[in-house]
Amino acid sequence: MAKTALITGITGQDGAYLAQLLLSRGYTVHGLLRRSASAEIIGERLRWLGILNDVQLIDGDLIDLSSCIRIMQTVKPDEVYNLAAQSFVAASFQQPLLTGTVTGLGAANMLEAVRIVCPQARFYQASSSEMFGKIQAQLQNERTPFYPRSPYAVAKLYAHWMTVNYRESFGMHASSGILFNHESPLRGIEFVTRKVTDGVARIKLGLARELKLGNLDATRDWGHARDYVQAMAAMLQQDTPDDYVIATGRTTSIRDFCHMAFSYAGLNWQDHVVTSADLLRPAEVDVLHGDPAKAKQALGWHAVTSLEDMVAEMVEADLARHRGRIAAPPPSLG
Ligand code: NDP
Ligand code: GDP
């Protein structure tokens, strides 16, 4: 029989790709949608993938336990993917309490709603490599101690341990994916990869001259979101719930990412990138470099898309978007 999935955060980058994957596998896909005065904009990623009309959106908010319970009663999901969060590290320093409420307690609300209404449902928690923060081992795996460096990472750590705790206390099929950074043309524009590819496109098309960034020395283990949602789904198909690091095993500096993206468009990054102390964070995560050996062995998962291919896809998508704007500016903006 066709399975039913509930995705929180369905309007975000990962939610959109995961919905696409599960639909392709014959799932009925429901997504939690928080109310907004700009509903037509919020479905933009799902529309871009051509699946907005194929998913069932249901109103609710992660911080409202009553809505989480009502949604479980209505949807009766076989699988729950908890992807909703205040997901931007820099914003978490400005809004630490909101981040704790949504990213931390929101996950507890979802776990409670599942435990109360549908304890047999399988549960996925979107944990993060940011939990490793000030890294305690050169390569980070499932046994590496955590050392969070931002309110976002602290909130994610709470959600992570609550997931482990519900698995151990109540026997729930609850798994946690410790995902390293993953990007795509659907990545939020405030994250550094997308900010760079968008900047490259603007500069290439003569819409801007420079791109202002913060710390260029940090390194990240960047993969493609389309690959990473495959790992989420694979975790919930295992007989036994568990936690997995999902990464490429390659780490690259922001500086080298700039070099790659600008070169792809025939530009020299040093002619355009300027740095600003305003964009430095109160505490930085200098290096993230994951060891995905367990996921490869247990899930048969590995990253397929190379960083070079992902950069090309992202720059091309941003060029196409800005070219569209240049070709046909709305009269009021022209
Ligand atoms: P996005 O920021 O793109 O999406 C976040 C989603 O959460 C959006 O759909 C947003 O809705 C929703 N949301 C925010 N607050 C609430 C709320 N109070 N109630 C209900 N929904 C809410 O994140 P990504 O897709 O990039 O990431 C998915 C998850 O994976 C997140 O939890 C993130 O922290 C985590 N993660 C991501 C990594 C990455 O590199 N992308 C790495 C590791 C973990 P709206 O559209 O209305 O804003
Ligand atoms: P994060 O790993 O979840 O914090 O993902 P980001 O893409 O937001 O940041 C990755 C790294 O890029 C961090 O070390 C940032 O300090 C660094 N960085 C440098 N300049 C910028 C910038 O202008 N914006 C963002 N978002 N990050 C930047």
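Here the structure is a predicted model, which is why all the values come from computation and not from measurement.

Structural notes on the domain arrangement of the protein chain
For step 1, the next point in the chain: Domain boundaries assigned for the protein chain yield domain 1 (4–183 + 225–246) and domain 2 (192–220 + 250–327).
For step 2, the next point in the chain: Here the C-alpha centroids of domain 1 and domain 2 sit 24 Å apart.
For step 3, the next point in the chain: In this complex, domain 1 contributes 32 residues to the contact, which on the side of domain 2 involves 24 residues.
For step 4, the next point in the chain: Summing the contributions of domain 1 and of domain 2, the shared interface buries around 2,400 Å²; its carbon and sulfur component is 59%.
For step 5, the next point in the chain: Between domain 1 and domain 2 we count three salt bridges in total.
For step 6, the next point in the chain: Seen at the junction of domain 1 and domain 2, the total is ten residue pairs in polar contact (both at pLDDT 80 or more).
For step 7, the next point in the chain: The element that contributes the greatest number of residues to the side of domain 1 that touches domain 2 is helix α9 (residues 225–235), accounting for seven residues.
For step 8, the next point in the chain: Taken together, the residues that form the side of domain 1 that touches domain 2 break down as 16 nonpolar, eight polar and eight charged.

So, the environment of Asp286
For step 1, the next point in the chain: Structurally, Asp286 is set in the loop between β13 (273–275) and α11 (293–299).
For step 2, the next point in the chain: Given a relative accessible area of 47%, Asp286 falls into the partly exposed group.
For step 3, the next point in the chain: Residues Asp286 and Gly133, spaced 153 residues apart in sequence, show a C-alpha to C-alpha distance of 7.9 Å.
For step 4, the next point in the chain: When neighbours within four sequence positions are excluded, Asp286 is seen to be in contact with Asp217, Ala218, Thr219 and Arg220.

Things to note about the sheet that holds strand β2 (residues 28–33)
For step 1, the next point in the chain: Across the sheet, which stays open at both edges, the seven strands sit in the order β3-β2-β1-β4-β5-β6-β11 with parallel pairing between neighbours. Strands at the two margins of the open sheet, each flanked by one partner only, are β3 (56–59) and β11 (243–246). For this sheet the average axis-to-axis angle between neighbouring strands, irrespective of direction, equals 20 degrees.
For step 2, the next point in the chain: Inspection of the sheet shows strand β1 (residues 4–8) paired to strand β4 (residues 79–82) by four bridges, in the parallel sense. Among the inter-strand pairings, Ala5 is bridged to a residue of β4, identified as Glu79.
For step 3, the next point in the chain: Across the sheet, helix α1 (residues 13–24) is in contact with β1, β2 and β4; its angle to β1 comes to roughly 175 degrees.

Digging into the pattern of salt bridges
For step 1, the next point in the chain: All told, the structure shown has 15 salt bridges when counted by the stated rule.
For step 2, the next point in the chain: Linking Arg255 and Asp217 is a salt bridge whose minimum nitrogen-to-oxygen distance equals 2.8 Å. In this pair, Arg255 sits in helix α10 (residues 254–264) while Asp217 sits in the loop between β8 (211–213) and β9 (219–220), placing the two residues 38 residues apart along the sequence.
For step 3, the next point in the chain: The exposure class of Arg255 is partly exposed, given its relative accessible area of 32%.

What to know about the nonpolar core
Generally speaking, nonpolar side chains in soluble globular proteins are found buried as a group.
For step 1, the next point in the chain: One finds Ile7, Leu18, Leu22, Tyr81, Tyr124 and Ile246 to be the most contacted residues of the largest nonpolar core, which totals 35 residues.
For step 2, the next point in the chain: Sort the elements by how many residues they give to this core and α9 lands first, with eight residues.
For step 3, the next point in the chain: Counting contributing residues per domain, this core is built from domain 1 (4–183 + 225–246) and domain 2 (192–220 + 250–327), each supplying no fewer than three.
For step 4, the next point in the chain: If we skip the residues at most four places from it in the chain, Ile7 touches Gly15, Leu18, Ala19, Leu22, Val29, His30, Gly31, Leu32, Tyr81 and Leu83.
For step 5, the next point in the chain: Ranked by size, the runner-up nonpolar core spans 25 residues in total, among them Val200, Leu211, Ala265 and Leu319.

Considering the pairing of strand β5 (residues 122–128)
Two faces make up the sheet, and in a regular strand the side chains alternate between them.
For step 1, the next point in the chain: Counting buried positions along β5 gives six out of seven residues, so the element sits mostly inside the fold.
For step 2, the next point in the chain: Bridging between β4 and β5 involves four bridges; their strand directions are parallel. Bridging across to β5, Val80 finds its partner in Phe123.
For step 3, the next point in the chain: In the sheet, β5 pairs with strand β6 (residues 174–179) via six bridges, with the strands oriented parallel. When the sheet's bridge partners are listed, Ala126 is paired in β6 with Gly177.
For step 4, the next point in the chain: Read from β5 through helix α7 (residues 151–170) to β6, the crossover connection turns out right-handed.

Looking at the site of ligand 2
For step 1, the next point in the chain: As a structural note, the neighbourhood of ligand 2 is formed by 17 residues, with Lys195, Gly214, Arg220, Arg281 and Glu284 the closest of them.
For step 2, the next point in the chain: A distance of 2.8 Å separates a nitrogen atom of ligand 2 from a polar backbone atom of Gly214.
For step 3, the next point in the chain: About the coverage of ligand 2: the protein hides 96% of its 530 Å² of free accessible area.
For step 4, the next point in the chain: Grouping the constituent residues of the shell around ligand 2 by class yields eight nonpolar, three polar and six charged.

What counts and what doesn't
- Residues numbered from 1 in each chain as written.
- Chains lettered and ligands numbered in written order.
- Predicted model: local features only at pLDDT ≥ 70, side-chain atom pairs only at ≥ 80, totals over all residues.
- Heavy atoms only, no water.
- Domains from an automatic or database assignment.
- Contact = heavy atoms within 4.5 Å.
- Buried area = accessible area lost by both parts, 1.4 Å probe.
- Salt bridge = Lys/Arg side-chain N within 4 Å of Asp/Glu carboxyl O.
- Polar contact = N/O pair within 3.5 Å; in protein donor to acceptor, adjacent residues only side chain to side chain.
- Helix = DSSP H or I, 4+ residues; strand = E, 2+ residues; numbered from the N terminus.
- Nonpolar A, V, L, I, M, F, W, Y, C, P; charged D, E, K, R; others polar.
- Buried < 20%, exposed > 50% of the residue type's maximum accessible area, 1.4 Å probe, protein only.
- Pairing = 2+ DSSP bridges.
- Axes fitted to C-alpha atoms, helices over the stretch in contact; angles between N-to-C directions.
- Core = buried A, V, L, I, M, F, W, Y, C linked by side-chain atoms within 4.5 Å.
- Right-handed = clockwise from strand over helix to strand, strands pointing away.
- Near = heavy atom within 4 Å.
- Areas by Shrake-Rupley, 256 points an atom, 1.4 Å probe, with all protein chains shown as cover.

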